[in-house]
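Listed below are the residues making up each chain.
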Amino acid sequence: MAIRETSARHEALGLDEDDLRRMHYYMLLARRVDERSWILNRQGKAAFVISCQGQEGAQVGAAYNMRPGHDYLYPYYRDSGMTLLLGQTPRDQFLSLLGKREDPNSGGRQMPGHYSSRELNIVTASAPVGVQFPQAAGTALAFKMRGEDGVVLACGGEASTSGGDWHEAMNFAGIHDLPVVFLIENNVYAISTPTKLEVAGSIAKRAEGYGFPGHEVDGNDVLAVYEVAREAFERARAGEGPTLIEAKTYRMTAHSSDDDDRRYRERQEIEEWRQKDPIVRFEKYLMEHDLLDEERKEEVDTEIKAEVAEASEYAENAPFADPEDVLLGVYAEG
Ligand SMILES: Cc1ncc(C[n+]2csc(CCOP(=O)(O)OP(=O)(O)O)c2C)c(N)n1
Ligand SMILES: [Mg+2]
């Protein structure tokens, strides 16, 4: 009772119960799709998995500010929480993971994690780390030149801020006050390289050098990320220019299904971060505010697991692309 009487954080942010339930649903959905993906990998059905686990709070918190089909998303390979929130389905994700013809991202011809949807304005990434940023700045320039109020959300891991593309995009966006939000999901590693060997100093503070604000935020707190991103989206929509957000988070799985992380990090470190699991933390918040209890939590999880199982089965039974389609979309027709 005492907690309800004090103004709750979500109320101050203008989020109602439905918003919170949606946020929770998509975070959990992303986690369960991811877990299922690892099973499909270990069963020898999925060749490669790259996870979002641990980053769902940063992803849902930031993308919850987007207007799907209006704003543009340049995700990176871990952003499945964002693409699910915007409207891609677990089926879409498994069709992509298993390289099936119906895969909406690429017809089964791209690596998993290369999300793409014309209707949802999700632009596929190229495989080199960080190349999405100049493209995102270009889309933001197009919004500005057309006098439209769209915002571009451009995402990457902390290692992408060590590459030239990111700096060029930051500089260009700063010069032209472009409506772009740079979200860096700092998950402590770039494969086996720890952040301290990737970045000297603060990522968030680099924004100052490019003439716009940068914020560091607890990336495992979905409401904190939502809050800082909301301000960034408002700024962009008002024509005031870009914002950089560094969400401090953690990669709970190995880099990918091809990586053995026992070679470069202690189990205890992972355990410590598990205590800060963004989903568990948000569930605690919801329970403290009487918006969730154990029974309802079970119900939601059961519902999600059924949806995930159905989607996975559908994708497993779906046909592969025809071999002769391999060059579709690669070269211009005629
Ligand atoms: C230009 C380039 N260099 C190296 C790679 C190989 N590579 C793929 S993911 C990755 C790690 C990137 O780390 P980070 O940006 O922190 O993202 P995270 O995987 O930790 O989420 C690397 C080095 C690549 N894809 N592109
Ligand atoms: Mg990283």
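Our subject is the structure that appears above.
Everything numeric here is computed off the predicted structure, so don't read it as measured data.

Calculation notes
- Residues numbered from 1 in each chain as written.
- Chains lettered and ligands numbered in written order.
- Predicted model: local features only at pLDDT ≥ 70, side-chain atom pairs only at ≥ 80, totals over all residues.
- Heavy atoms only, no water.
- 1 Å grid on protein atoms, 1.4 Å probe; cavity = no way out; pocket = protein on both sides within 12 Å on 5 of 7 lines; lining within 4 Å.
- Points joined across faces, edges and corners; volume = space filled by probe spheres on them.
- Helix = DSSP H or I, 4+ residues; strand = E, 2+ residues; numbered from the N terminus.
- Nonpolar A, V, L, I, M, F, W, Y, C, P; charged D, E, K, R; others polar.
- Buried < 20%, exposed > 50% of the residue type's maximum accessible area, 1.4 Å probe, protein only.
- Polar contact = N/O pair within 3.5 Å; in protein donor to acceptor, adjacent residues only side chain to side chain.
- Contact = heavy atoms within 4.5 Å.

Comments concerning the layout of surface pockets
Here is step 1 of the chain: There is about 410 Å³ of room inside the largest pocket.
Here is step 2 of the chain: For the lining of the largest pocket, the elements supplying multiple residues, two or more each, are strand S2 (152-157) and strand S4 (189-190).
Here is step 3 of the chain: Residues belonging to the lining of the largest pocket are distributed by class as follows: 14 nonpolar, 10 polar and 3 charged.
Here is step 4 of the chain: Here the second largest pocket defines a volume of roughly 340 Å³.
Here is step 5 of the chain: Taken together, the residues of the lining of the second largest pocket break down into 5 nonpolar, 7 polar and 3 charged.

Here we look at the side chain of Ser96
Here is step 1 of the chain: Relative to the assigned elements, Ser96 resides in helix H6 (residues 90-97).
Here is step 2 of the chain: Relative accessible area serves as the criterion here: at 5%, Ser96 is assigned to the buried category.
Here is step 3 of the chain: Within the structure, the side chain of Ser96 is placed 3.3 Å from the side chain of Asn105, a separation counted as a polar contact.
Here is step 4 of the chain: Filtering out sequence-adjacent residues up to four positions away, Ser96 remains in contact with Asp103, Asn105 and Pro112.

Structural notes on the environment of Ser160
Here is step 1 of the chain: When you line up the elements, Ser160 lands in the loop between S2 and helix H8 (164-175).
Here is step 2 of the chain: Judged by relative accessible area, Ser160 falls into the buried class, the value being 5%.
Here is step 3 of the chain: Remark: the alpha-carbon pair of Ser160 and Gly329, spanning 169 residues in sequence, is separated by 27 Å.
Here is step 4 of the chain: Those residues in contact with Ser160 that sit more than four places away from it in its chain are Val129, Gly130, Phe133, Trp166 and Ile184.

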